[in-house]
Amino acid sequence: MSKRDPKAIRASPPPWLPALLIAAVVLGVAALIGYQLWTSRPGATVAAVDYPTGLTPDGYPYKGNSEAKIIIEEYSDFQCPVCARYTREVAPRLDEKYVKAGKVYYIFRYFPFLGPESFRAAEAAACAAEQGKFWEYEHVVFANQRGENQGWFSDDRLIGFATWVGLDRGAFERCLLSGKYRDFIRSAANAGRQRGVRATPTLFINGEKIEGLYDVTFYETYIDTLLQQGR
């Protein structure tokens, strides 16, 4: 009886190994695609907007009663993490207590200063405002920050956000890719600097500057005091 070479036996791969390797590659590719799809999807539901909204005569988004005695102007950068916290933790309370009640006229003023993706996100938001959905779009963009100027706010992703909030994708894409609001956003940033804005978020409440983020009770107390004083 012939004997096999033990080394030859050890060197021979099992017959099922190629199939296992192929399956591992397929699963790896599927996992990568799944991860990319997951990280590309918007990370927030679209907030309901049930109060008056529109654009000011100089083209900035507003919400609330234009005849209100309290005017709040927010200077913000879409890549600013503190602005995202303000939008998540403070703005909904102010909307509920003052904007919906007609006590506050609230204006958003673009102040991109953290880099090119801040400017591009602001242009995209202006395109959303053109279709009457700035506040919905703003909410989704802030909820999907992933670092500064890392390629996250790409045109494709900004267009995807537009679809998520129910905008006309074709019209939005044409608006963004044409650079329609590029000069407007640059002039908005310059106007903020001329007004003394140095960081975000910066609020002006009836003309008084409040820089940085505070607990929501600070803003409520400030606004309530103005309301009690009738100004």
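See the structure shown above.
Just so it is clear, the structure is predicted and the values come from calculations on it, not from any experiment.

Cut-offs applied
- Residues numbered from 1 in each chain as written.
- Predicted model: local features only at pLDDT ≥ 70, side-chain atom pairs only at ≥ 80, totals over all residues.
- Heavy atoms only, no water.
- Buried < 20%, exposed > 50% of the residue type's maximum accessible area, 1.4 Å probe, protein only.
- Helix = DSSP H or I, 4+ residues; strand = E, 2+ residues; numbered from the N terminus.
- Pairing = 2+ DSSP bridges.
- Phe/Tyr/Trp six-rings, centres within 6.5 Å; stacked < 30°, edge-to-face > 60°.
- Lys NZ or Arg CZ within 6 Å of the ring centre and 35° of its normal.
- Salt bridge = Lys/Arg side-chain N within 4 Å of Asp/Glu carboxyl O.
- Contact = heavy atoms within 4.5 Å.
- Polar contact = N/O pair within 3.5 Å; in protein donor to acceptor, adjacent residues only side chain to side chain.

### Here we look at the pairing of strand β5 (residues 202–205)
And step 1. Here β5 shows two buried faces, one formed by T202 and F204 and the other by L203 and I205.
And step 2. Relative to β5, strand β3 (residues 70–76) runs antiparallel, the two sharing 4 bridges. Its bridge partner being in β5, I72 is matched across the sheet by I205.
And step 3. One ladder, built from 4 bridges, connects β5 with strand β6 (residues 208–211); its direction is antiparallel. Directly across from I205, in β6, lies its bridge partner E208.

### A closer look at the packing of aromatic side chains
One pair of aromatic rings is described through two measures. These are the centre distance and the angle between the planes.
And step 1. Following the criterion strictly, the structure yields 24 aromatic pairs and no others.
And step 2. Ring geometry for F218 against Y219: centres 5.4 Å apart, planes inclined by 85 degrees, an arrangement best described as edge-to-face.
And step 3. Residue classification places Y219 among the buried residues on the basis of a relative accessible area of 1%.
And step 4. Aromatic rings pair up to connect Y60, F78, Y106, F108, Y110, F134, W135, F142, Y181 and F184 into one cluster.
And step 5. Over the face of the ring belonging to Y106 we find K63, whose NZ or CZ atom lies 4.8 Å from the ring centre.
And step 6. Here R157 stacks its cationic end above the ring of W152, 3.6 Å away from the centre of that ring.

### Points about the pairing of strand β4 (residues 104–110)
And step 1. In terms of residue burial, β4 counts as a mostly covered element, since 7 of its 7 residues are buried.
And step 2. For strand β2 (residues 61–64) and β4, the ladder comprises 3 bridges, and the chain directions are antiparallel. Its bridge partner lying in β4, K63 is registered against Y106.
And step 3. Pairing of β3 with β4 involves 7 bridges; the strand directions are parallel.

### Notes on the pattern of salt bridges
And step 1. The final tally for this structure, using the stated rule, is 14 salt bridges.
And step 2. Residue D58 is joined to R109 by a salt bridge in which the shortest nitrogen-to-oxygen separation is 3.4 Å. Remark: R109 occurs in strand β4 and D58 occurs in the loop between β1 (53–55) and β2; sequence separation between them is 51 residues.
And step 3. Assessed through its relative accessible area of 41%, D58 is described here as partly exposed.

### What to know about the environment of D224
And step 1. Within the secondary structure layout, D224 lies in helix α9 (residues 216–229).
And step 2. A C-alpha to C-alpha distance of 9.6 Å links D224 and Y98, two positions 126 residues apart in sequence.
And step 3. When sequence neighbours within four positions are dropped, the list of residues in contact with D224 reads K97 and Y98.
And step 4. Side-chain polar atoms of D224 contact the side chain of K97, separated by 3.4 Å.

By themselves these figures say nothing about function.
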